[in-house]
Amino acid sequence: QVQLVESGGGLVQAGGSLRLSCAASGRTFSRYSMGWFRQAPGKEREFVAGISWSGGITYYVDSVKGRFTISRDNAKNTVYLQMNSLKPEDTAVYYCAADPNIWTIARVPNKYNYWGQGTQVTVSS
């Protein structure tokens, strides 16, 4: 069982930056691949970025490549999403999620067993 708590969301102007954090409970954090998803009003939940259990492999949706960076600190049971050059279209609720399959980085929500409650990111133009 893993419990996830996101933080770091907020209101920022276009071009600004935010860093999201996701703190995980339990001692088995390193046994999970981790992902960040987002969901805007009226839209489906979208994969944003994923990271392998060791942090050695990362994936990003094309729309955030070069602007967002996912990382993890297994000693602190925390995964991060650094978001730079934010755009109004990045506005959404951002969720972190844990997948016990450490051999892949899934990009669909139903592959993830555990979810945080979400944190709102609003980018004004």
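In the block above lies the structure referred to throughout.
My aim in this report is to walk through the structure given alongside it, one point at a time. This one's a predicted model, so the numbers in the text were calculated from it and none came from an experiment.

1. Some remarks on the pattern of salt bridges
- Inspection of the entire model under this criterion finds 4 salt bridges.
- Among the salt bridges present, the one from E46 reaches R38, with a minimum N-O distance of 2.8 Å.
- Of the charged contacts in the structure, one is a salt bridge between D90 and R67, with a shortest N-O distance of 2.8 Å. Taken as a pair, D90 in the loop between strand 8 (78-83) and strand 9 (92-99) and R67 in the loop between strand 6 (58-60) and strand 7 (68-73) lie far apart in primary sequence, 23 residues in all.
- Note on D90: relative accessible area 1%, which makes it buried.

2. Re the environment of T78
- Relative to the helices and strands, T78 resides in strand 8.
- The buried category is assigned to T78, whose relative accessible area is 10%.
- A C-alpha to C-alpha distance of 9.1 Å links T78 and L4, two positions 74 residues apart in sequence.
- A distance of 2.8 Å separates the side chain of T78 from the backbone oxygen of K76, its partner in a polar contact.

3. A short note on the side chain of N77
- Along the chain, the position of N77 falls in the loop between strand 7 and strand 8.
- On the accessibility criterion, N77 (16% relative accessible area) is buried.

4. Let's talk about the packing of aromatic side chains
- If you walk through the whole model with that rule in mind, you get 6 aromatic pairs.
- Aromatic pair F37 and W115: ring centres 5.0 Å apart, planes at 55 degrees, arrangement tilted. Of this pair, F37 sits in strand 4 (residues 33-39) while W115 sits in strand 10 (residues 114-115), and the two are 78 residues apart along the sequence.
- Assessed through its relative accessible area of 0%, F37 is described here as buried.
- Of the residues examined, W115 reaches a relative accessible area of 27% and is grouped as partly exposed.
- An aromatic cluster is built from F37, F47, Y95, Y112 and W115, whose rings are joined through pairwise contacts.
- Over the face of the ring belonging to F29 we find R72, whose NZ or CZ atom lies 4.4 Å from the ring centre.
- Above the face of the Y59 ring, R107 is positioned so that its terminal group lies 4.1 Å from the ring centre.

Calculation rules
Counting starts from 1 at the beginning of each chain's written sequence and moves along it residue by residue. In keeping with the predicted nature of the model, local features appear solely for residues at pLDDT of at least 70, side-chain atom pairs appear and are counted solely at 80 or more, and the whole-chain, interface and lining totals rest on all residues. With hydrogens and water excluded, all non-hydrogen atoms of the structure serve as input to the side-chain values. By salt bridge we mean one thing: a side-chain nitrogen of Lys or Arg within 4 Å of a carboxyl oxygen of Asp or Glu. Helical segments are the DSSP runs of H or I of at least four residues, strand segments are the runs of E of at least two, and each set is numbered from the N terminus. Throughout, exposure labels follow a simple rule: accessible area from a 1.4 Å probe, protein chains only, divided by the maximum for the residue type, with under 20% read as buried, over 50% as exposed, and the rest as partly exposed. Polar contact is defined as a pair of N or O atoms within 3.5 Å, subject to the rule that within protein one atom must be able to donate a hydrogen and the other to accept it, and that residues adjacent in sequence are counted only when both atoms are side-chain atoms. In this analysis, rings of Phe, Tyr and Trp, with Trp reduced to its six-membered ring, are considered paired at centre separations within 6.5 Å, and the interplanar angle assigns stacked below 30 degrees, edge-to-face beyond 60, and tilted for intermediate values. Distance and angle both matter: a charge sits over a ring if NZ of Lys or CZ of Arg is within 6 Å of the ring centre and within 35 degrees of the ring normal.

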